[in-house]
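Coordinates in review
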Number of protein chains: 2
Amino acid sequence: MELSGGIFMVIHYPNGKTFRPQNMPTQKIKASPSKVNYGNRGMTLEEEINDSNQYYRATQKAVIHKKPIPLQIVKVDYPKRSAAVIKEAYFKRPSTTDYNGVYRGYYLDFEAKETRNLASFPLSNFHPHQIEHMRACQKQGGICFTIVRFSKSQEVFLMPADLLFTYWDQQTTGRKSIPKNEIAQVGWKIDYRIKPRLPYLDYVDQLIEVSKRHL
Amino acid sequence: MELSGGIFMVIHYPNGKTFRPQNMPTQKIKASPSKVNYGNRGMTLEEEINDSNQYYRATQKAVIHKKPIPLQIVKVDYPKRSAAVIKEAYFKRPSTTDYNGVYRGYYLDFEAKETRNLASFPLSNFHPHQIEHMRACQKQGGICFTIVRFSKSQEVFLMPADLLFTYWDQQTTGRKSIPKNEIAQVGWKIDYRIKPRLPYLDYVDQLIEVSKRHL
């Protein structure tokens with residue numbers, strides 16, 4: 001559907017979403033002098049990641065899903081001629097991280113966490129089993145990280161699991177949070193874009209390069 | 001903990017489980033003439049796979065989990081001084097397969113399915129979205145397959161996703177099930193063992209070799 005002069009026709013669906021042909025080159029959005037913030041228009045970090053994952057799946061760049069919340073189902077009703085209704089269930093503690101999938105032949109495994117702190121990320125946001133899970137995945141050659149959002153400044157970072165492990169292991173004697181400037185130095189700041197909203201795979205590429213050097 | 005003559009000391013934990021040192025070579029259990037069946041002692045296929053995955057995690061051979069069942073939560077009660085209770089929820093159709101994880105740097109993605117049929121596996125056991133999900137994962141370099149159990153004969157096979165795709169794509173004109181003998185030929189029969197009960201990763205090794213040759 002290419003028009004003259006390389007202009008593409010953009011189709012607007014009734015749901016307000018825009019369709020773009022898959023092989024259409026995506027324009028890189030550069031940081032404008034006026035610092036337009038494309039992100040966080042009332043979306044939670046989880047919604048932003050799910051939205052980006054949907055884009056990555058649609059463009060066949062990666063297959064990454066959020067895992068369902070684990071529940072302990074106690075009582076189910078089976079009413080006639082309608083769907084089964086769960087009448088009693090409880091939240092279970094997840095034994096893994098929230099997101100995993102496959103990208104460029106690599107297994108990706110990550111958590112998404114938000115903090116209202118300004119200058120550091122509290123380790124209390126993690127459960128010991130999540131740390132153990134990421135360690136085990138990394139041992140198998142998986143690429144593990146956390147997507148961290150500082151909600152007040154609306155800054156999002158990709159933090160390699162190794163940095164988390166370092167701070168986690170010294171928390172009984174040392175500090176109980178990871179400084180933001182260290183996350184920025186060891187990890188990468190993810191700049192918001194339009195499509196995908198959180199282009200975190202660009203930084204996963206860099207994390208893969210770093211991981212290869214350490215092997 | 002090696003004793004003389006290559007004999008290893010086996011530690012029995014109070015929970016009845018046996019600890020073996022990690023670098024201890026596991027004895028291959030050969031099919032005995034009396035055809036001892038170690039499997040299916042009242043366990044469902046899902047339980048057998050979960051059990052095997054637990055063993056694989058404990059021995060640091062792989063990190064594979066079953067995904068929680070996706071539910072649409074409608075109503076939650078928060079009683080004072082006790083855990084939140086889900087009072088109304090509905091089963092959602094899963095958008096992926098049931099199992100995934102990482103093994104030897106590879107992303108694994110698979111379904112587990114059982115049939116009471118004797119000579120073939122009906123394609124009606126799969127949903128179109130599961131096929132699409134496996135196709136997408138395989139495009140990213142993931143290793144995809146199905147663990148199929150013929151419940152009457154208690155035979156379990158690892159069936160490569162490619163065989164499923166072939167039959168899936170011709171079902172409107174051709175047959176609507178995959179013959180067992182073809183599953184056995186293209187895939188592998190998984191012999192039950194004690195630990196792990198379903199040693200499917202041995203056959204994943206072979207599937208990886210086959211996949212490499214096709215790249």
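As the structure is a computational prediction, the values presented were derived from the model and not from experiment.

**Focus: unusual backbone geometry**
- That bond from Lys195(A) to Pro196(A) is cis: its omega, -10 degrees, falls within 30 degrees of zero.
- Note that Pro196(A) resides in the loop between strand S12 (188-190) and helix H5 (201-214).
- Although it is not a glycine, Gln154(B) sits at a positive phi angle of roughly 55 degrees.
- Inspection of the secondary structure puts Gln154(B) in the loop between strand S9 (143-150) and strand S10 (155-160).

**Description of the pairing of S9(B)**
Residues and elements named next belong to chain B.
- The element S9 is largely enclosed, with a buried count of eight among its eight residues.
- Every second residue of S9 is oriented toward a common face, with Ile143, Phe145, Ile147 and Arg149 on one face and Cys144, Thr146, Val148 and Phe150 on the other, all of them buried.
- Relative to S9, strand S7 (residues 106-115) runs parallel, the two being bridged by eight bridges. Its bridge partner lying in S9, leucine 108 is registered against isoleucine 143.
- Relative to S10, S9 runs antiparallel, the two being bridged by six bridges. Considered in S10, the bridge of valine 148 is made with phenylalanine 157.
- Here S9 folds back onto S10 in antiparallel fashion, the turn holding four residues, of which glutamine 154 has a positive phi close to 55 degrees.

**Here's the deal with the pattern of salt bridges**
Residue and element names in this part refer to chain A.
- Counted by the stated rule, this structure contains 22 salt bridges over all chains.
- Glutamate 209 is paired through a salt bridge with lysine 212; the nearest N and O atoms lie 3.5 Å apart. In this pair, glutamate 209 and lysine 212 are both assigned in helix H5, three residues apart and thus about one turn of the helix distant.
- On the basis of relative accessible area, lysine 212 is assigned to the partly exposed category, the value being 43%.
- What emerges from the salt-bridge pattern is a single network uniting Glu48, Glu114 and Arg149.

**Here's the deal with the relation of the copies chain A and chain B**
- Of the transformation superimposing chain A on chain B, the axial component is 0.0 Å and the angular component is 180 degrees, with the fit at an RMSD of 0.0 Å. Both chain copies can therefore be described as sitting about a two-fold axis.
- Both copies contact each other with a shared surface, as 100% of the interface residues of chain A are interface residues in chain B too.

**Looking at the sheet that holds strand S12 (residues 188-190) of chain B**
Residues and elements named next belong to chain B.
- Across the sheet, six strands lie side by side as S3-S6-S7-S9-S10-S12; this open sheet has mixed pairing. The two strands at the open ends of the sheet, each matched to only one other strand, are strand S3 (63-66) and S12. Neighbour to neighbour, the strand axes of the sheet diverge by 25 degrees on average, direction disregarded.
- Together, S9 and S10 form the strand contacts of helix H3 (residues 161-169), whose direction differs from that of S10 by roughly 80 degrees.
- Where helix H5 (residues 201-214) meets the sheet, it contacts S3, strand S6 (99-103), S7, S9, S10 and S12, and its direction lies at approximately 135 degrees from that of S9.

**Examining the UniProt feature "site: Transition state stabilizer" (unreviewed entry) in chain A**
Residue and element names in this part refer to chain A.
- Sites flagged by UniProt as "site: Transition state stabilizer" (unreviewed entry) map to Lys113.
- Checked against the element boundaries, lysine 113 lands in strand S7 (residues 106-115).
- Excluding residues that lie within four positions of it along the chain, lysine 113 makes contacts with Leu45, Phe121, Asn125, Phe126, Gln130, Thr146, Ile147, Val148 and Arg149.
- Of note is the side chain of lysine 113, whose polar atom sits 2.7 Å from the backbone oxygen of asparagine 125.

**A short note on the sheet that holds strand S3 (residues 63-66) of chain A**
All names here are of chain A.
- The six strands lie next to each other as S3-S6-S7-S9-S10-S12, forming an open sheet whose pairing is mixed. Looking at the sheet topology across the chains shown, the edges are occupied by S3 and S12. The average angle at which neighbouring strand axes cross in this sheet is 25 degrees, direction not considered.
- In this sheet, S7 lies alongside strand S6 (residues 99-103) in antiparallel orientation, the contact comprising five bridges. If you follow asparagine 100 over to S7, its bridge partner there is aspartate 109.

Scoring rules and cut-offs
- Residues numbered from 1 in each chain as written.
- Chains lettered and ligands numbered in written order.
- Predicted model: local features only at pLDDT ≥ 70, side-chain atom pairs only at ≥ 80, totals over all residues.
- Heavy atoms only, no water.
- Helix = DSSP H or I, 4+ residues; strand = E, 2+ residues; numbered from the N terminus.
- Buried < 20%, exposed > 50% of the residue type's maximum accessible area, 1.4 Å probe, protein only.
- Pairing = 2+ DSSP bridges.
- Salt bridge = Lys/Arg side-chain N within 4 Å of Asp/Glu carboxyl O.
- Least-squares fit on C-alpha atoms with pLDDT ≥ 70 in both.
- Contact = heavy atoms within 4.5 Å.
- Axes fitted to C-alpha atoms, helices over the stretch in contact; angles between N-to-C directions.
- UniProt positions renumbered as here; feature names shortened; annotations may be inferred.
- Polar contact = N/O pair within 3.5 Å; in protein donor to acceptor, adjacent residues only side chain to side chain.

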